[in-house]
Amino acid sequence: MSHQTKKSLGQHFLSDPAMIEKIVRAIDPRPGDRLVEIGPGAGAITRPLLQRHRALTVIEFDRDLIEPLTALGAELGAELSIVHADVLTVDFTALAATSPIRLVGNLPYNISSPILFHALEHLAVIRDMHFMLQKEVVDRMAAAPGSKVYGRLSVMLQARCRVTPLFKVPPGCFRPPPKVDSAVVRLEPRDPSEVGLVQPRRFEQVVRAAFSQRRKTLRNALSTVCTPEQIEAVGMDPGARAEVVAVSEYVALANALGA
Ligand code: SAM
């Protein structure tokens with residue numbers, strides 16, 4: 001498929017066959033899986049997935065890619081359903097009407113965080129996710145308390161999913177090569193009863209406020225959300241900074257504060 005890549009759409013197409021194979025192996029499609037690929041582009045992952053799996057839904061925003069993707073489905077005689085849309089407007093829950101979905105994709109890096117948060121909104125119908133993102137973002141997603149890159153993204157994702165970084169992907173695996181290293185990550189929704197989060201909106205508010213001023217203590221950063229006494233009541237130190245607080249502690253605080 002020849003196509004002038006568009007920088008504004010984050011188009012860096014995978015071109016390394018060994019890396020493509022490694023990604024498809026990590027996804028490991030099984031009979032009956034309902035696979036949904038975000039940003040199929042020129043079909044680097046789509047083609048081997050279809051060759052193995054025969055059925056796939058793809059979501060692509062670039063109209064110039066719709067016809068070549070249609071041709072790819074026809075060439076392989078496979079069941080390729082193409083959704084021509086901005087992924088941020090796609091209702092994953094509706095897509096999963098018949099069974100839970102497995103989301104995959106080499107994401108457009110400029111909107112990778114909004115895509116992750118959009119997926120969280122539909123987590124109940126998602127079985128797992130395999131995404132390629134900037135390595136720096138994967139590091140933040142998987143970071144532990146105390147790490148310099150532990151932040152809102154780490155807490156929001158880890159409260160809802162197990163986050164497993166799988167492997168690094170160097171710029172040379174893409175055309176055109178991006179300026180940064182990339183990495184593939186696996187996200188598996190956690191059982192809500194294991195997390196015990198009963199106030200998701202409050203949780204979001206607490207985490208946002210805590211990390212809005214990283215250098216401040218919780219007492220100060222959370223001053224518009226709760227009192228130091230309320231922080232202490234769940235066994236947390238109001239003098240601590242957001243970056244040392246565990247995900248379970250944010251959950252406990254949000255639950256204690258209530259709706
Ligand atoms: N999967 C292909 C590959 O690995 O070679 C392409 C990956 S490229 C990094 C990202 C893809 O996402 C591009 O095809 C781009 O057109 C598409 N894209 C960008 N913004 C999008 C959006 N808002 N909704 C859906 N697709 C989008």
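See the structure printed just above.
Only a predicted model underlies this, so the values are computations on that prediction, with no experimental measurement involved.

**Student:** Give a description of the site of the ligand that names residues and reports values.
**Tutor:** Neighbouring the ligand are 23 residues; Gln11, Leu14, Gly39, Glu60 and Asn106 lie closest to it. Elements represented by at least two residues in the shell around the ligand include exactly β1 (13-14) and β3 (55-60). For the shell around the ligand, a count of residues per class yields 13 nonpolar, six polar and four charged.

**Student:** So, the pattern of salt bridges: which residues are in play, and what are the values?
**Tutor:** In total, this model carries 15 salt bridges according to the counting rule given. A salt bridge links Lys6 to Asp62; its shortest N-O distance comes to 2.7 Å. Placement of Lys6 in the segment before β1 and of Asp62 in the loop between β3 and α3 (66-76) is noted, with a sequence separation of 56 residues between them. When its relative accessible area of 3% is taken as the criterion, Asp62 is described as buried. A salt bridge links Lys6 to Asp64, with the shortest nitrogen-to-oxygen separation between them at 2.7 Å. Of the two residues, Lys6 sits in the segment before β1 while Asp64 sits in the loop between β3 and α3, which places them 58 residues apart along the sequence.

**Student:** Lay out helix α6 (residues 135-142) in plain terms, naming residues and giving numbers.
**Tutor:** Those residues of α6 not exposed but buried are Val137, Val138 and Met141. When α6 is viewed along its axis, its buried side chains cluster within an angular range of 100° and face the same direction. Taken together, the buried residues of α6 touch α5 (112-121), β6 (126-134), α7 (152-158), β7 (161-169) and β9 (182-189).

**Student:** Outline the side chain of Asn106, supporting the account with residue identities and numerical values.
**Tutor:** The topology assignment puts Asn106 in strand β5 (residues 101-106). Residue Asn106 is classed as buried on the basis of its relative accessible area, which comes to 12%. Looking at Asn106, its side chain comes within polar contact range of the main-chain oxygen of His12, at 3.3 Å. With sequence-adjacent residues up to four places away left out, Asn106 is seen in contact with His12, Leu14, Ile38, Gly39, Ile45, Met132 and Phe174.

**Student:** Lay out the nonpolar core with the relevant residues and their values.
**Tutor:** Ranked by size, the top nonpolar core spans 32 residues in total, and within it Phe92, Leu103, Met129, Phe131 and Met141 carry the most contacts. Not counting residues within four places of it along the chain, the set of residues in contact with Phe92 comprises Ile38, Ile59, Val87, Ile101, Leu103, His118, Ala119, His122 and Val125. Counting residues in each nonpolar core, the second largest holds 27 residues, with Ala143, Val195, Ala210 and Leu257 among its members.

**Student:** So what about the pairing of strand β2 (residues 35-38)? Which residues, and what values?
**Tutor:** Side chains of β2 alternate between two faces, with Leu35 and Glu37 and Val36 and Ile38 buried alike. Between the parallel elements β2 and β3, the chain passes through helix α2 (residues 46-53) in a crossover that is right-handed.

**Student:** Provide a residue-level description of the packing of aromatic side chains, including the pertinent values.
**Tutor:** All told, the structure shown has two aromatic pairs when counted by the stated rule. Ring geometry for Tyr150 and Phe211: centres 6.1 Å apart, planes at 80°, overall edge-to-face. Of this pair, Tyr150 sits in the loop between α6 and α7 while Phe211 sits in helix α9 (residues 200-212); the two residues are 61 residues apart in sequence, bridging distant segments of the chain. Taken individually, Tyr150 and Phe211 each receive the classification buried, so the pair is uniform in this respect. Chaining the aromatic ring pairs together yields one cluster made of Tyr150, Phe211 and Tyr250. The ring of Phe167 is capped by Lys22, whose NZ or CZ atom sits 4.5 Å from the centre of that ring.

**Student:** I'd like a description of the environment of Arg214, backed by residues and values.
**Tutor:** Turning to its location among the elements, Arg214 is positioned in the loop between α9 and α10 (218-221). With a relative accessible area of 30%, Arg214 lands in the partly exposed category. With 207 residues separating them along the chain, Arg214 and Lys7 place their C-alpha atoms 32 Å apart. For Arg214, the residues in contact, after removing those within four places along its chain, are Ser147, Lys148, Tyr150, Gly151, Arg241 and Glu243.

**Student:** Summarise the sheet that holds β6; cite the residues concerned and give the values.
**Tutor:** An order of β4-β3-β2-β5-β6-β9-β7 is seen for the seven strands of this open sheet, with the pairing classed as mixed. Here the strands that pair on one side only, and so sit at the sheet edges, are β4 (79-84) and β7. Strand-to-strand twist across the sheet, computed as the mean angle between neighbouring axes with direction ignored, equals 20°. Summarising the sheet, β3 and β4 pair through six bridges and their orientation is parallel. Along β4, the bridge assignment pairs Glu60 with His84. Taken strand by strand, α3 contacts β3 and β4, and its axis lies near 170° from that of β4. Together, β2, β5, β6, β7 and β9 form the strand contacts of α5, whose direction differs from that of β6 by roughly 175°.

What counts and what doesn't
- Residues numbered from 1 in each chain as written.
- Predicted model: local features only at pLDDT ≥ 70, side-chain atom pairs only at ≥ 80, totals over all residues.
- Heavy atoms only, no water.
- Near = heavy atom within 4 Å.
- Helix = DSSP H or I, 4+ residues; strand = E, 2+ residues; numbered from the N terminus.
- Nonpolar A, V, L, I, M, F, W, Y, C, P; charged D, E, K, R; others polar.
- Salt bridge = Lys/Arg side-chain N within 4 Å of Asp/Glu carboxyl O.
- Buried < 20%, exposed > 50% of the residue type's maximum accessible area, 1.4 Å probe, protein only.
- Arc of directions from axis to C-beta.
- Contact = heavy atoms within 4.5 Å.
- Polar contact = N/O pair within 3.5 Å; in protein donor to acceptor, adjacent residues only side chain to side chain.
- Core = buried A, V, L, I, M, F, W, Y, C linked by side-chain atoms within 4.5 Å.
- Right-handed = clockwise from strand over helix to strand, strands pointing away.
- Phe/Tyr/Trp six-rings, centres within 6.5 Å; stacked < 30°, edge-to-face > 60°.
- Lys NZ or Arg CZ within 6 Å of the ring centre and 35° of its normal.
- Pairing = 2+ DSSP bridges.
- Axes fitted to C-alpha atoms, helices over the stretch in contact; angles between N-to-C directions.

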